[in-house]
Amino acid sequence: MDKRAGRVLLITGVSSGFGRALSEAALLAGHTVIGTVRSEAAKAEFDRLDGKRAHGVILDVTDFAAIETVVKDVTGRTGPVDVLVNNAGYGHEGTLEESPLNELVRQFNVNVFGAVAMTRAVLPSMRVRRAGHIVNITSMAGLVTFPGVSYYCGSKFALEGISEALEKEVRGFGIKVTIVAPGSFRTDWAGRSMIRTERSVDDYNAVFEPIRRLRKEKDGKQAGDPAKAAQVLLDIIEHDNPPVHLLLGNDALGLVRKKLADLNDEIDAWESVSKSTDFS
Ligand code: NAP
C-alpha cells in the first residue's frame, strides 16, 4: 500500500475510460474513491470494485442544483474530499455551421459548467482545511484546435483558462490545481460517448468527411493507454510540486509544441504592429 494512501478522491465519470482506470488504480493504492455515475446499474458495478472504499454516487454533472447536496451527503460518510478529479466529459463532432447552437450549450454544460460546479462544491472545505488538489482533465484540444470539433475545443480551452486562473487564486491556500491535457487515448470517447451532428452542408465534405472517417477508424486503436495515464495521475497527486499543466501522450506533446512554436513565429512576424497601438 502507498505510504500516503487513505485519501479521499472524488472522480466524475467513472463508468469507463480515464475515470474508471484512475478509480481502479486509486482503490488498489488504498485510497477511498467517490465516483459519479449516471445509472443504478453503473453505481452497483462501481460499488463492487471495493466493498468499503468504492462509493458510487448517481450524479449528472449538469444537475447543478443537486451537486452540493450529493457531495455533502457522500462526504458525510467518507470524510472531506482531498482530491477532486473533474473527468466527466464528452466530445461533440460537427462543423460549426452544421452544428446547432444547443449542441454548444450541451457541450459547455458538461465539460465546463459541470466541472466548475463540482469545483465550487469542494472548494470551501479545501480552503478551510488549507489543503486539496483539483485535477481537471481537459485535452490537447484545449491547447490546439482541429477542424470539425470547434465546440469541443471551445469547451476545453474554456476549462484550461478557468483552471489556470483558479490555480492563481487558490495556491496561497495550499490548494493545488493540475490541468491534464491528454492526446488520443483508448477509451469510449470516440465511440459510444461522442455526439456526432448529422451532415447538412456539402461544401464541408472535403474538409470534414476524412476527419469523421479517420476518427471512427482510429476508435479502439488509439496509442494512449488509460491505465498508464491513471498511474501517472496517482503519482501526480503524491507530488509535492505537481505541474499546473501536464500533457499526456506523444501526440499531445508534438502538437502542442508545434502550436507554441507557430504561435511564437506569428507573434514575431507581427511584433511591430502589436507594438504600434499604445499611446505614444
Ligand atoms: P469515456 O470512456 O467516454 O468516459 C467519459 C465519462 O464521462 C463516462 O463515465 C461518462 O458517463 C461520463 N459523463 C459524460 N457526460 C456526463 C455527464 N453529463 N455527467 C456525468 N458524467 C458524464 O471517455 P474518456 O476518454 O475517459 O473521457 C474522460 C475525459 O477525458 C473527458 O473529459 C474527455 O473529454 C477527456 N479526454 C479524452 C481523450 C481521449 O482520447 N480519450 C483525450 C483528451 C481528453 P456515462 O457512462 O454515463 O456516459
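Residues numbered from 1 in each chain as written. Predicted model: local features only at pLDDT ≥ 70, side-chain atom pairs only at ≥ 80, totals over all residues. Heavy atoms only, no water.

Trainee: Looking at this structure, I do not really get the overall build of the chain. What am I missing?
Mentor: Broken down by element type, the chain carries nine helices and nine strands. C-alpha extents for the chain along the principal axes are approximately 55 × 50 × 35 Å. Looking at the chain as a whole, 45% of its 280 residues are labelled buried. Within the chain, contacts between residues at least 6 apart in sequence are counted, and of these 70% link residues at least 24 apart. As presented, the chain carries roughly 14500 Å² of accessible surface, and 55% of it is formed by carbon and sulfur atoms. Measuring between centres, the 35 positive side-chain charges of the chain sit 6 Å from its 37 negative side-chain charges. (Helix = DSSP H or I, 4+ residues; strand = E, 2+ residues; numbered from the N terminus. Buried < 20%, exposed > 50% of the residue type's maximum accessible area, 1.4 Å probe, protein only. Contact = heavy atoms within 4.5 Å. Areas by Shrake-Rupley, 256 points an atom, 1.4 Å probe, with all protein chains shown as cover. Lys, Arg positive; Asp, Glu negative; His and termini not counted. Charge placed at Lys NZ, Arg CZ, Asp CG, Glu CD.)

Trainee: What exactly am I supposed to notice about the packing of helix 4 (residues 101-129) against helix 5 (residues 150-170) here?
Mentor: The contact between helix 4 and helix 5 brings their axes to 9 Å, and the two run at 20°. With respect to helix 5, the element helix 4 is oriented roughly parallel. Judged by the twist between their axes, the crossing of helix 4 over helix 5 is right-handed. Here Leu-101, Glu-103, Leu-104, Gln-107, Phe-108, Asn-111, Val-112, Ala-115, Val-116, Thr-119 and Leu-123 of helix 4 come into contact with helix 5, specifically with Tyr-151, Tyr-152, Gly-154, Ser-155, Lys-156, Ala-158, Leu-159, Ile-162, Leu-166 and Val-170. Broken down by class, the residue content of the contact of helix 4 with helix 5 amounts to 14 nonpolar, five polar and two charged. (Axes fitted to C-alpha atoms, helices over the stretch in contact; angles between N-to-C directions. Parallel < 35°, antiparallel > 145°, perpendicular 65-115°, else oblique. Left-handed = near helix turned anticlockwise from the far one by under 90°. Nonpolar A, V, L, I, M, F, W, Y, C, P; charged D, E, K, R; others polar.)

Trainee: I keep staring at the pairing of strand 9 (residues 245-248) and nothing clicks. Help me out?
Mentor: Strand residues, when the strand is regular, have side chains that alternate between the two faces of the sheet. Residues Leu-246 and Leu-248 point to one face of strand 9 and are all buried, whereas His-245 and Leu-247, pointing to the other face, are not buried. By the bridge criterion, four bridges tie strand 7 (residues 175-182) to strand 9 in an arrangement that is parallel. Counterpart to Ile-179 in the pairing with strand 9 is His-245. (Pairing = 2+ DSSP bridges.)

Trainee: I keep staring at the site of the ligand and nothing clicks. Help me out?
Mentor: Taken together, the neighbourhood of the ligand is formed by 28 residues, with Ser-15, Ser-16, Tyr-152, Thr-187 and Ser-193 sitting nearest. Asn-87 is positioned with one of its backbone polar atoms (N or O) 2.8 Å from an oxygen atom of the ligand. The side chain of Ser-193 places a nitrogen or oxygen atom 2.4 Å from an oxygen atom of the ligand. Protein contacts shield 93% of the accessible area of the ligand, which totals 880 Å² for the unbound molecule. Elements that contribute at least two residues to the shell around the ligand include exactly helix 1 (17-28) and helix 5. (Near = heavy atom within 4 Å. Polar contact = N/O pair within 3.5 Å; in protein donor to acceptor, adjacent residues only side chain to side chain.)

Trainee: Help me understand the sheet that holds strand 1 (residues 8-11) in this model?
Mentor: One key point about sheets: their strands pair by backbone hydrogen bonds, in either a parallel or an antiparallel sense. A sheet is described by the order of its strands in space; here seven strands give the open sequence 3-2-1-4-6-7-9, paired in parallel fashion. The strands lining the two open edges of the sheet, one partner per strand, are strand 3 (54-58) and strand 9. Each neighbouring strand pair of the sheet contributes to a mean axis angle of 20°, computed without reference to strand direction. With respect to the sheet, helix 2 (residues 40-47) is in contact with strand 2 (32-37) and strand 3, its orientation differing from that of strand 3 by roughly 170°. Of the strands in this sheet, strand 7 and strand 9 are in contact with helix 8 (residues 250-269), which crosses strand 9 at around 120°.

Trainee: Help me understand the pattern of salt bridges, please; the structure alone is not making it clear to me.
Mentor: Opposite charge on two side chains makes pairing possible when the charged atoms of those side chains draw close. Considering all chains together, one arrives at 19 salt bridges under this definition. Salt-bridge contacts for Asp-47 lead to Lys-43; the nearest nitrogen and oxygen are separated by 2.8 Å. Here the residue Asp-47 and the residue Lys-43 both occupy positions in helix 2, the gap between them amounting to four residues, near one helical turn. Of the charged contacts in the structure, one is a salt bridge between Glu-209 and Arg-199, with a shortest N-O distance of 2.6 Å. In this pair, Glu-209 is assigned in helix 6 (residues 205-218) and Arg-199 in the loop between strand 8 (195-196) and helix 6, connecting sequence segments 10 residues apart. Glu-209 gets classed as partly exposed once you look at its relative accessible area, which sits at 29%. A relative accessible area of 24% means that Arg-199 is categorised as partly exposed. One salt-bridge network, in which partners are shared between bridges, spans Glu-93, Arg-196, Arg-212 and Arg-215. (Salt bridge = Lys/Arg side-chain N within 4 Å of Asp/Glu carboxyl O.)

Trainee: Mind showing me how you'd approach the nonpolar core here?
Mentor: Of all hydrophobic cores here, the largest spans 29 residues; its most connected members are Ile-11, Leu-22, Val-85, Val-135 and Leu-234. Every element with two or more residues in this core is listed here: strand 1, helix 1, strand 2, helix 2, strand 4 (83-86), strand 6 (132-137), helix 7 (226-238) and strand 9. Among residues more than four places away in sequence, those in contact with Leu-22 are Ile-11, Val-85, Ala-230, Leu-233 and Leu-234. Ranked by size, the runner-up nonpolar core spans 25 residues in total, among them Leu-123, Ile-134, Val-177 and Ile-179. (Core = buried A, V, L, I, M, F, W, Y, C linked by side-chain atoms within 4.5 Å.)

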